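Geometric and topological summary
Spelled out from the first residue to the last, the chains are:
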Amino acid sequence: MSVLIECRGLTREYRKGGQVIRPLDGLDLAVPRGDFLALMGPSGSGKTTLLNLIAGIDSPTRGELIVDGADIGTLSRRRLAAWRARHVGYVFQLYNLVPVLTAYENVELPLLLHPLTRRQKHDRVVTALERVGIADRRGHFPSQLSGGQEQRVAIARAIVTDPAVIVADEPTGDLDKASARAVMELLRELNRESGKTVIMVTHDPKTTEYASRTLHLEEGRLAGGSAVGGVMA
Ligand SMILES: Nc1ncnc2c1ncn2[C@@H]1O[C@H](COP(=O)(O)OP(=O)(O)OP(=O)(O)O)[C@@H](O)[C@H]1O
Ligand SMILES: [Mg+2]
């Protein structure tokens, strides 16, 4: 299986006053195409920092980061934004839907950066909403939806551009058991049936049962050294 994401010596530092905070500290990780990777680790171990780098929301201080063939660690902010719009879908714990937009309009947002006709955009949005089973709520605002429904809309927004990678940061962290199970089943379908590579941060061991493997972060590195394709190297 080909490697979709490769991190070598990945380091992210923040400078505050005279102090250096290093949430990622020389991390090595290879994620094969089609993987469903669960990431666990204590609060502050660098999980969200890693997802933000993989998603092109933030850039590394040092180290190599190849995602879907692009060396995204070296892209300018503008190029990175364009790259991100095509290659990665992000699912957040608290959904991050825009409250004044309907479900339909929220899902349409990432397509504004894409050169598509109105008709093509419409078809993509409807397909994504149908994929997550929420097309009948397309005219509802986030405040009119349950948490589980909001997260489905957020997943539709993450897949509407047909990205190779979905990153999810505690996607069930704010959901009741039944909604959490539904969201996990949906992520598993997107992985198995639609071939999406999924990287999910979680604090809930139950959700790791849906993943093909689980890795643990500790102080900005993988516990036990580097992991390549599920094998500890
Ligand atoms: N923009 C920033 N500026 C300064 N420090 C930051 C910034 N972003 C993250 N950090 C620090 O980096 C460390 C790791 O943060 P991160 O959000 O990656 O942790 P996490 O593993 O996702 O934790 P949690 O499980 O609580 O979500 C923390 O100490 C945090 O305060
Ligand atoms: Mg976090």
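A brief structural summary. (Residues numbered from 1 in each chain as written. Chains lettered and ligands numbered in written order. Predicted model: local features only at pLDDT ≥ 70, side-chain atom pairs only at ≥ 80, totals over all residues. Heavy atoms only, no water.)

Lining the immediate surroundings of ligand 1 are 14 residues, of which Ser 43, Gly 44, Lys 47, Thr 48 and Thr 49 lie closest. Measuring from an oxygen atom of ligand 1, one finds a side-chain N or O atom of Ser 43 at 2.5 Å. Between ligand 1 and the protein, one listed contact pairs an oxygen atom with a backbone N or O atom of Ser 45 at 3.2 Å. Protein chains bury 64% of the 640 Å² of accessible surface belonging to ligand 1 in isolation. The set of elements that each furnish at least two residues to the shell around ligand 1 consists of strand S1 (3–16), strand S2 (19–32) and helix H1 (47–54). Counting residues per element, the shell around ligand 1 draws most heavily on H1, at three residues. Split into classes, the residues belonging to the shell around ligand 1 amount to four nonpolar, seven polar and three charged. (Near = heavy atom within 4 Å. Polar contact = N/O pair within 3.5 Å; in protein donor to acceptor, adjacent residues only side chain to side chain. Areas by Shrake-Rupley, 256 points an atom, 1.4 Å probe, with all protein chains shown as cover. Helix = DSSP H or I, 4+ residues; strand = E, 2+ residues; numbered from the N terminus. Nonpolar A, V, L, I, M, F, W, Y, C, P; charged D, E, K, R; others polar.)

Glancing now at the environment of Val 183. Relative to the helices and strands, Val 183 resides in helix H6 (residues 177–192). A relative accessible area of 2% means that Val 183 is categorised as buried. Residue contacts for Val 183: discarding those within four places in its chain leaves Gln 151, Ile 155, Pro 171, Thr 172 and Leu 175. (Buried < 20%, exposed > 50% of the residue type's maximum accessible area, 1.4 Å probe, protein only. Contact = heavy atoms within 4.5 Å.)

Our next topic: the nonpolar core. When a protein is soluble and globular, its nonpolar side chains tend to lie buried together. In terms of nonpolar packing, the biggest core is built from 37 residues, with Phe 36, Val 107, Leu 129, Ile 155 and Leu 187 touching the most fellow members. Among the elements of the structure, strand S3 (36–40), helix H3 (103–108), helix H4 (118–131), helix H5 (147–159), strand S7 (165–169), H6 and strand S8 (197–201) are those that each provide at least two residues to this core. Sequence-distant contacts of Leu 187, defined by excluding residues within four places in its chain, comprise Phe 36, Ile 155, Ile 166, Pro 171, Val 198 and Met 200. (Core = buried A, V, L, I, M, F, W, Y, C linked by side-chain atoms within 4.5 Å.)

Orientation of H5 relative to H6, taken along the N-to-C sense of each, is 15°, at an axis distance of 9 Å. Considered as vectors, H5 and H6 are oriented roughly parallel to each other. Of the two possible hands of crossing, H5 and H6 adopt the one that is right-handed. The residues of H6 that touch H5, namely those facing Gly 148, Gln 151, Arg 152, Ile 155 and Ile 159, are Ser 179, Ala 182, Val 183, Leu 186, Leu 187 and Leu 190. (Axes fitted to C-alpha atoms, helices over the stretch in contact; angles between N-to-C directions. Parallel < 35°, antiparallel > 145°, perpendicular 65-115°, else oblique. Left-handed = near helix turned anticlockwise from the far one by under 90°.)

To continue, consider the pattern of salt bridges. Summed over all chains, the structure comprises 11 salt bridges. The salt bridge involving Arg 62 is made with Glu 13; its shortest N-O contact spans 2.7 Å. Placement of Arg 62 in strand S4 (residues 62–67) and of Glu 13 in strand S1 is noted, with a sequence separation of 49 residues between them. Arg 213 is the salt-bridge partner of Asp 35, the closest N and O atoms lying 2.7 Å from each other. Taken together, the residues span a long stretch of sequence, with Asp 35 in the loop between S2 and S3 and Arg 213 in strand S9 (residues 213–218) at a distance of 178 residues. (Salt bridge = Lys/Arg side-chain N within 4 Å of Asp/Glu carboxyl O.)

So yeah, pure geometry; function would need other evidence.
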